[in-house]
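Chains, contacts and geometry: an overview
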Amino acid sequence: MRKTVILTLGLFISAVLTFSGCVGTENSVLDGNEIISFSHGIVSDGKFESKLLKIGIDPGDEWNFATDEELAKANGIEEVNDDSLEAALKNKNFVCDMIAEKKNEGSFTESISVTYPNIRAEGASGMSEKEYAEASFKSIENKNAVLENISFAGKEHSSIKLSESKEGIDLFQRMIFVERGRYIGIVTVTCLSEKNLDQIVSGFYSL
């Protein structure tokens, strides 16, 4: 799973703003008539579902999800649960909620991840999904990057699509920004072909 983390987050970190400082927040927020609080996504029977983002994905038998132990290590915490990830998010630039990989021939794997940036950090507080995507896009040096709206899990969301060559291999990546309450989840899909990329992105469903 180490190669997957490097591949997934390597492109991700280069594309998303890094804000300095952080502020404390409440553990939940009222969105209309619904109280939204942080919740760790669940992997079961080869599927990932996020109650917080109201999305799910069944990528297929060739994909392997990181265990909670591996996610804890990636996040620099002792264990992964709702409270520990929420606490970590107050002190980090972002936390990883899910990482999945599909092994291919050669050194690289295709990957899917769900991360949450600390949008409450100084300079990012109050940003909407659209504003955060636009700000992130402006920070990208990749000339192939495209900012656009796409249909994702039945709704329209802001997205950034980019590509680059790494060690002679073409990589294609799409980041989809999903706002829920005071959280913005970023779904990042990295594949070795645009066909595979589009197939995974279109495979996400609404809960």
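Placed above this text is the structure.
Summary of the structure given here.

Focus: the sheet that holds strand β8 (residues 109-117)
- One open sheet holds the 7 strands; their spatial order is β6-β7-β8-β12-β11-β10-β9, and the pairing between them is antiparallel. A single partner strand is all that each edge strand has here, and the edge strands are β6 (63-65) and β9 (146-152). For this sheet, the mean angle separating the axes of adjacent strands, direction not counted, is 25 degrees.
- Pairing of β9 with strand β10 (residues 155-166), which is carried by 7 bridges, proceeds in the antiparallel orientation. Bridging across to β10, V146 finds its partner in K161.
- Most of the contacts of helix α3 (residues 82-89) go to strand β7 (residues 94-103), to which it runs at about 115 degrees, and overall it touches β7, β8 and β12 (183-191).

Looking at the sheet that holds strand β13 (residues 205-206)
- Reading across from one edge, β3-β4-β5-β13 is the order of the 4 strands in this open sheet, with antiparallel pairing throughout. Strand pairing shows two members of the sheet lacking a second neighbour, β3 (42-44) and β13, which therefore form its edges.
- Relative to β13, strand β5 (residues 55-57) runs antiparallel, the two being bridged by 2 bridges. Directly across from G56, in β13, lies its bridge partner Y205.

Rules used in this analysis
Residues numbered from 1 in each chain as written. Predicted model: local features only at pLDDT ≥ 70, side-chain atom pairs only at ≥ 80, totals over all residues. Heavy atoms only, no water. Pairing = 2+ DSSP bridges. Helix = DSSP H or I, 4+ residues; strand = E, 2+ residues; numbered from the N terminus. Axes fitted to C-alpha atoms, helices over the stretch in contact; angles between N-to-C directions. Contact = heavy atoms within 4.5 Å.

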